[in-house]
Amino acid sequence: MKTNKLKNILQKIFISHRLTKKHSSICANALINAELVGAPSHGLSRLKMYCDRINAKLINPRPKIKIKKISQSITHINADNSIGFIAADLAIKTAINNAKKTGIGLVAVKNSGHYGLSGYYAEQAVKKKLISIIFTNAPPAIAPHGALKTLFGTNPICFGTPTASKIPFILDTSVSMINRGKIRVAAKLGNKIPEGVALDKYGKPTTDAKKALEGVQLPIAGFRGSGLAWMVDILSGVFTGGNHAGRVKDPFNDFSAPQNIGHLFIVMKQGLFVGSSYNKRIKENIKIIKKLPKKKGIKEILYPGQNKYSRYKKNLKKEIEIPEKILLEMNSLLK
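Residues numbered from 1 in each chain as written. Predicted model: local features only at pLDDT ≥ 70, side-chain atom pairs only at ≥ 80, totals over all residues. Heavy atoms only, no water.

Draft legend 1. Highlighting the overall build of the protein. Helix and strand counts for the protein come out as eleven helices and nine strands. Relative to the compact-globule value of 20 Å for 335 residues, the protein shows a C-alpha radius of gyration of 20 Å, a close match. Its C-alpha atoms put the protein at 55 × 50 × 45 Å along the principal axes. Taking the intrachain contacts of the protein between residues at least 6 apart in sequence as the baseline, contacts between residues at least 24 apart amount to 64%. With the model as given, the accessible surface of the protein reaches about 17,000 Å², and the carbon-plus-sulfur share is 56%. Averaged over its 56 positive side-chain charges, the protein has a centre that lies 8 Å from the centre of its 19 negative ones. (Helix = DSSP H or I, 4+ residues; strand = E, 2+ residues; numbered from the N terminus. Rg over C-alpha atoms; globule rule 2.2 N^0.38 Å. Contact = heavy atoms within 4.5 Å. Areas by Shrake-Rupley, 256 points an atom, 1.4 Å probe, with all protein chains shown as cover. Lys, Arg positive; Asp, Glu negative; His and termini not counted. Charge placed at Lys NZ, Arg CZ, Asp CG, Glu CD.)

Shown next, in the form of structure tokens:
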């Protein structure tokens, strides 16, 4: 499906679910971006979930968002259970404006929901020649090291910086071996997941996506990954006023209450300490690393964000492929 046609359909769906035209456009753009960068786990596969939670009055389609300005650099946002895209769009724009004025922008968000890809917001800051660090927590999926029960989310960590070239450095990674969205898509489409990324509810390794969702996802680097998940839970949950310690609701399965996810956005001027030499320094940094001897079969050492940029440019020239099951969901949401 062509991008313009898809955006029109998505906007109609969100408007029919009582979002404003402006908010519908923000949501549609975020979902389409996920598809274009090759992350369908955070794209159209989640559309029905957002609409179901709106219908269940767990996402507020017309939120009264409160913005508390703590200082010229610091802002606290109460998203009033808005769809996460709206809260995050406001937060990154606020952080960017704060950073432009003072050199650094710190924005905390509470009472929000799932906002898609963290890298999508990091890119917005990078386009303004700013460095960004973004944290958000998520529903229980990872067991703390030594525990038998899931509690931490896959809790992504995101970092973005300009690179003195058209391709930004964007590291957007969950602290699990595989992001939960990929497991959900595999479960929906009946596909297997890789070995070594999850255990079933009995603690046995599994490649069955549905069993993985009922069990435990494995963190990256063992106890270190569990520690990083805990760190993000503190920064985006405890620190912001959002839910934490396993209280974030699963958006697909738990309709008992709003998610109250917390996000933390940190945005900084790239030349805050080294002035105009930042471009030269980051360019030198990347050049040195790319010139290192390469392993057999490796043509180029890529920095985070290069592959995503290539996929985006390539996919822009094509129509977006939508699995039949998801297309049927979209059509049902238009009725």
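Draft legend 2. Inspection of empty space enclosed by the protein at higher detail. Summed over all chains, the structure comprises two cavities of 30 Å³ or more. Its residues placed into classes, the lining of the largest cavity shows three nonpolar, six polar and one charged. The space that makes up the second largest cavity amounts to roughly 30 Å³. Lining the second largest cavity we find A30, N33, A34, H42, F85, Y115, G116, L117, Y120 and Y121. Elements with a minimum of two residues in the lining of the second largest cavity: helix 2 (21-36) and helix 5 (118-126). When residues of the lining of the second largest cavity are assigned to their parent elements, the largest contribution, three residues, is made by helix 2. Residue composition of the lining of the second largest cavity, by class: seven nonpolar, three polar and no charged. (1 Å grid on protein atoms, 1.4 Å probe; cavity = no way out; pocket = protein on both sides within 12 Å on 5 of 7 lines; lining within 4 Å. Points joined across faces, edges and corners; volume = space filled by probe spheres on them. Nonpolar A, V, L, I, M, F, W, Y, C, P; charged D, E, K, R; others polar.)

Draft legend 3. Representation of the layout of surface pockets in the model. If you add up the space inside the largest pocket, you get close to 840 Å³. Taken together, 42 residues form the lining of the largest pocket, with H42, L117, D172, S174 and N179 sitting closest to its centre. Of the residues that constitute the lining of the largest pocket, the class distribution is 16 nonpolar, 18 polar and eight charged. When its volume is computed, the second largest pocket comes out at roughly 550 Å³. Around the second largest pocket, the lining comprises 28 residues; the ones closest to its centre are E123, K127, P168, Y309 and Y312. For the lining of the second largest pocket, the leading source of residues is helix 10 (residues 306-316), giving five residues. Its residues placed into classes, the lining of the second largest pocket shows 13 nonpolar, nine polar and six charged.

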